[in-house]
Amino acid sequence: MTGLLEAPTVTPKAVARTRFRRHSARLTGLTYAAPAAVVVGLFFLVPLGLVVWMSLNKWPLLASPTFNAPENYQKIADNSLVVDAVVFTLKYTAIVTVLLFAVSFGLALLIQKGGRGVGLFRGAFFLPAAVGWATATLLFFGLLSDQIGPLNGMLQAIGLIDEPVSWTAGDPNVAFGSTVTLVIWRWAGFNMLILLTGLQSIPTELYEAARVDGASRVQAFRRITLPLMRPTIALVLCLMITGSLLAFEQFYILTRGGPGNSTTSVVMVIVREAFVRFDLGSAAAMSVLVLVALVVLNAVQLVFIRKKTT
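Residues numbered from 1 in each chain as written. Predicted model: local features only at pLDDT ≥ 70, side-chain atom pairs only at ≥ 80, totals over all residues. Heavy atoms only, no water.

1. Describing the packing of helix 5 (residues 118–126) against helix 8 (residues 172–200)
Next, step 1: Running from N to C, helix 5 and helix 8 point in directions that differ by 135 degrees, and their axes come no closer than 8 Å. With respect to their mutual orientation, helix 5 and helix 8 come out oblique. Here Arg 122, Phe 125 and Phe 126 of helix 5 lie close against helix 8, whose contacting residues are Gly 189, Phe 190, Met 192, Leu 193, Leu 196 and Gln 200.
Next, step 2: Residues of the contact of helix 5 with helix 8, tallied by class, amount to 6 nonpolar, 2 polar and 1 charged. (Axes fitted to C-alpha atoms, helices over the stretch in contact; angles between N-to-C directions. Helix = DSSP H or I, 4+ residues; strand = E, 2+ residues; numbered from the N terminus. Parallel < 35°, antiparallel > 145°, perpendicular 65-115°, else oblique. Contact = heavy atoms within 4.5 Å. Nonpolar A, V, L, I, M, F, W, Y, C, P; charged D, E, K, R; others polar.)

This is the structure in structure tokens:
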């Protein structure tokens, strides 16, 4: 009996074998992670460090840089175009996020259950997401053109307008509405697909149990769907907010920032500083501030969502 209670002896060979296996497992993990780490270092960390260094220098496009920190950051507050662009970008982000999320979530709920023709609708809703962003903007530019676009002719034919309307270069509100419509058309299907994945991951047994308990559809939506969809909603909102704050193509191609700089986004100002005024240092300083704002906003949003789920 005493022999059965004795602890098994550990030989030095067994210890060495265990250490070797752990060391091999670490090396295997590092080998798998190395390509991704190299890509992140070369295409993210190195450019990020270069941008930060450029923001601390007066860096003309065709001349040698000179250290001038923190002058590039101080000049940002004195640039009235930057202030107007920040206000416009925040306004655009708020409106687009609300409308795009409502449309995307509505489409996801509409096609959540299978049935005859649902697959066709899913494909039709997602089809704009397969079009390149610049291509989609050019398509809208041609559609809305008051010279060659068919929209004005169609609206005049049915009597909704009496004369051609300048959808992108006339009234600032009209140009803004045209851009928002483009964004919703282009991205609603993509976000719908993400939300649909979250909806389909919810067990149907939960809805059946709620129905047995007498819960209405609204109550089931509030008590089951929304709480279980919070991680997916957080992802979609992060994508929407980040994409809206970095908006560029839709304004650069569709409205050119007009009329009268009324649709000029922050990224458009950065591009103008770099490639119109040839001041790379100032453009880099703006880029660093935009990056910091994005990190803070996304961190706050994720913390808020996690608190709600706990």
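2. Regarding the packing of helix 4 (residues 80–110) against helix 8
Next, step 1: Put simply, helix 4 and helix 8 touch, their axes get as near as 7 Å, and they point 45 degrees apart. Judged by the inter-axis angle, helix 4 sits oblique to helix 8. In this structure, helix 4 crosses over helix 8, and the sense of that crossing is right-handed.
Next, step 2: Residue composition of the contact of helix 4 with helix 8, grouped by class: 22 nonpolar, 3 polar and 1 charged. (Left-handed = near helix turned anticlockwise from the far one by under 90°.)

3. Digging into the packing of aromatic side chains
Next, step 1: In the structure shown here, the tally under the stated rule is 13 aromatic pairs.
Next, step 2: Both rings, one in Phe 88 and one in Phe 176, keep their centres 5.8 Å apart while their planes meet at 75 degrees; by these two values the pair is edge-to-face. Here Phe 88, found in helix 4, pairs with Phe 176, found in helix 8; they are 88 residues apart in sequence, far enough to count as distant.
Next, step 3: When its relative accessible area of 9% is taken as the criterion, Phe 88 is described as buried.
Next, step 4: With 5.2 Å between their ring centres and 70 degrees between their planes, Phe 88 and Phe 251 make a pair best called edge-to-face. Of this pair, Phe 88 sits in helix 4 while Phe 251 sits in helix 11 (residues 249–255), and the two are 163 residues apart along the sequence.
Next, step 5: The rings of Phe 88, Tyr 92, Phe 176 and Phe 251 are connected pair by pair, giving a single aromatic cluster.
Next, step 6: The residue whose ring lies beneath Arg 186 is Trp 187, and the NZ or CZ to ring-centre distance is 4.3 Å. (Phe/Tyr/Trp six-rings, centres within 6.5 Å; stacked < 30°, edge-to-face > 60°. Buried < 20%, exposed > 50% of the residue type's maximum accessible area, 1.4 Å probe, protein only. Lys NZ or Arg CZ within 6 Å of the ring centre and 35° of its normal.)

4. Focus on a nonpolar patch on the surface
Next, step 1: Residues Val 38, Val 39, Leu 42, Phe 43 and Val 46 make up a contiguous nonpolar surface patch of roughly 520 Å² in combined accessible area.
Next, step 2: Of note, Phe 43 is situated in helix 2 (residues 12–55).
Next, step 3: Its relative accessible area of 66% is what places Phe 43 among the exposed residues. (Patch = residues over 30% accessible without salt bridge, like charges linked within 9 Å, V, L, I, M, F, W, Y side chains within 5 Å. Areas by Shrake-Rupley, 256 points an atom, 1.4 Å probe, with all protein chains shown as cover. Salt bridge = Lys/Arg side-chain N within 4 Å of Asp/Glu carboxyl O.)

5. Side note on the pattern of salt bridges
Next, step 1: Counted according to the given criterion, the structure contains 2 salt bridges.
Next, step 2: Residue Lys 75 pairs with Asp 279 through a salt bridge whose shortest N-O separation is 3.4 Å. Highlighted residues: Lys 75 in helix 3 (residues 71–78) and Asp 279 in the loop between helix 12 (266–275) and helix 13 (280–309), separated in sequence by 204 residues.
Next, step 3: Residue classification places Lys 75 among the partly exposed positions, given a relative accessible area of 34%.
Next, step 4: Asp 279 gets classed as buried once you look at its relative accessible area, which sits at 14%.

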